[in-house]
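Single-letter residue listing:
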Amino acid sequence: MRYIDMHTHTTMSDGLLTPSELIDYAVEKKLSGIAITDHDTVDGIEEAMIYSGQIDNFIVLAGIELSTELLGEEVHILGYGIDYKDKELLKLLEEIQSHRKKRIKEIVVKLQSLGLAITHEQVIECAGPGTIGRPHLAKTLLANNYVETIEEAFNKYLAKGAPAYVPRYKLHPKEAIRLIKNVRGLSVLAHPGLIKSQKIIRKVLEMNIDGIEVHHPDHTWEERCRFEDIARENRLFITAGSDFHGPKVGAGRHGDLASEKISEDYIKSLLGKCEGVVDHRG
Ligand code: AMP
Ligand code: ZN
Ligand code: FE
Ligand code: FE
C-alpha cells in the first residue's frame, strides 16, 4: 500500500526541516507522498515540487494550514490541492504575514517592558525565512534563559491571558474555507480534538467544509471514533496527518512523520488524478 501524510510543516513556517529535507525524511519513512501544510504560507511548495521531481513516484500535494478564530478559540483550516500561485491568495497571505510581523514587534516591546532583555532581531533570526510566530518568541526566551521550557514561555508570557499576549490578525473560518475553494482546493477542519467547544466544531462543520482531520497524534481513539461518526453524518471526507514539525520536536504535541497517514488511492479519488509530481490542478 502507498500512503500519504497529510499534515506537515517546513522551515517556511515553524518546522525544522526544509522542504527538500522533509521529502528525504518522508522517503526514509517509506511514505509515497506528503501534503505540505505550512501555517499561513505556501512558500515551501515550489521547492518541494521541484525536489520531488527527482524522486520516482513521490507525490507532493500543495497545501496550507490557515489560522482562524471563532468565538475566541483557535480553529485551524487545512487546504489541499490549492492553486498556490493564485495572485489573490498570495496577496492575502502577504497581508497576514505583515500583520504577524507587526504583532511580533508589539510582543517584543511588551516583553522588554516586563524587563526581559530580548531584541526584535533575535526573534527574526530565530524565525529564519519562515512564517514568524509565538513559537519563535518562546525559543528566543529559552535561548536567553528566561524560561526553562517552551511551555513555560507560553504559560508565563505568550499565551492568551498572559502579560505579553497580543492577539493575531483574525481570519474567520468561513473566510478561510472560501479562500481555499476560490483556489480550487478542498478544505478540512484540522485537529478538531484540540478545539475545546463542541459548539465551535459543529459551527465550522456547517460552513460548507469538505473534510475533517480524524486522525491526528493528539486525538485519542475515542475522539477518532467520534469524529469518524461526525464525518459520516455530515458527509465529510476523512484525513490523517502527523502535524510533523521536526524529528523529536514537541513531544506530546505533534507526531513523527508518517505516524498518521492515509491511503494514496483514497486521496487520489478525492483530488482527482495525480501522477508523479503533483500539482494536480496546475
Ligand atoms: P501564533 O500563530 O504566533 O499565534 O502561534 C501559535 C503556535 O504556537 C501554535 O501553532 C503552536 O505551535 C504554538 N503554541 C500555542 N500554544 C502553545 C503552548 N501552550 N505550548 C507550546 N506551543 C504552543
Ligand atoms: Zn506549527
Ligand atoms: Fe494546527
Ligand atoms: Fe499543523
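As a starting point, this report considers the structure included with it.

What counts, and where the lines are drawn
- Residues numbered from 1 in each chain as written.
- Chains lettered and ligands numbered in written order.
- Predicted model: local features only at pLDDT ≥ 70, side-chain atom pairs only at ≥ 80, totals over all residues.
- Heavy atoms only, no water.
- Salt bridge = Lys/Arg side-chain N within 4 Å of Asp/Glu carboxyl O.
- Helix = DSSP H or I, 4+ residues; strand = E, 2+ residues; numbered from the N terminus.
- Buried < 20%, exposed > 50% of the residue type's maximum accessible area, 1.4 Å probe, protein only.
- Pairing = 2+ DSSP bridges.
- Contact = heavy atoms within 4.5 Å.
- Axes fitted to C-alpha atoms, helices over the stretch in contact; angles between N-to-C directions.
- Donors = N, O, S within 2.8 Å, 3.2 Å for Na, K, Ca; no water.
- Near = heavy atom within 4 Å.
- Polar contact = N/O pair within 3.5 Å; in protein donor to acceptor, adjacent residues only side chain to side chain.
- Areas by Shrake-Rupley, 256 points an atom, 1.4 Å probe, with all protein chains shown as cover.
- Nonpolar A, V, L, I, M, F, W, Y, C, P; charged D, E, K, R; others polar.
- 1 Å grid on protein atoms, 1.4 Å probe; cavity = no way out; pocket = protein on both sides within 12 Å on 5 of 7 lines; lining within 4 Å.
- Points joined across faces, edges and corners; volume = space filled by probe spheres on them.

### Notes on the pattern of salt bridges
Scanning the entire structure with this criterion turns up 13 salt bridges. For Glu 222, the salt bridge identified is with Arg 226, shortest N-O distance 3.7 Å. With a gap of 4 residues between them, Glu 222 and Arg 226 both fall in helix 9 (residues 221-233), about one helical turn apart. Residue class for Glu 222 comes out exposed when judged on its relative accessible area of 52%. A single salt-bridge network, built from bridges that share partners, covers Arg 2, Glu 264 and Lys 268.

### A look at the sheet that holds strand 3 (residues 59-70)
Ordered by their spatial adjacency, 8 strands build an open sheet running 7-6-5-4-3-2-1-8, and the pairing between neighbours is mixed. Looking along the sheet, the strands with just one partner apiece sit at the ends: strand 7 (237-240) and strand 8 (262-263). Note that strand 2 (residues 33-36) and strand 3 share 4 bridges and pair parallel. Following the sheet pairing, Gly 33 is matched in strand 3 by Ile 59. On the sheet, helix 9 packs against strand 6 (211-215) and strand 7 and is oriented at approximately 155 degrees with respect to strand 6.

### A word on the coordination of the iron ion (ligand 3)
Distances from the iron ion (ligand 3) to its protein donors, Glu 65 (OE), His 76 (ND1) and His 191 (NE2), fall at 2.1 to 2.2 Å. Between the donor residues of the iron ion (ligand 3), the gaps in sequence give the motif E-x10-H-x114-H. Between the iron ion (ligand 3) and the iron ion (ligand 4) the interatomic distance comes to 3.4 Å, and Glu 65 is a ligand of both metals. Residue Glu 65 is found in strand 3, and its partner His 191 is found in the loop between strand 5 (186-189) and helix 8 (198-205); the two are separated by 126 residues along the sequence. Pair check on accessibility: Glu 65 and His 191 agree, each one buried.

### A short note on the site of ligand 1
Surveying the vicinity of ligand 1 reveals 12 residues, the closest of which are Arg 100, Arg 103, Arg 134, Glu 151 and Arg 168. The separation between an oxygen atom of ligand 1 and a polar side-chain atom of Arg 103 is 3.0 Å. With respect to ligand 1, the side chain of Arg 168 contributes an N or O atom lying 2.9 Å from an oxygen atom. Taking 500 Å² as the accessible area of ligand 1 by itself, protein coverage stands at 82%. Sorting the residues of the shell around ligand 1 by element identifies helix 3 (87-113), helix 5 (134-143) and helix 6 (150-158) as the ones contributing at least two each. By residue class, the composition of the shell around ligand 1 is 3 nonpolar, 2 polar and 7 charged.

### Overview of the layout of surface pockets
Quantified by volume, the second largest pocket comes out at close to 320 Å³. The wall of the second largest pocket is formed by 19 residues, among which Asp 43, Gln 97, Lys 101, Pro 129 and Gly 130 lie closest to the centre. Sorting the residues of the lining of the second largest pocket by element identifies helix 3 and helix 4 (120-127) as the ones contributing at least two each.

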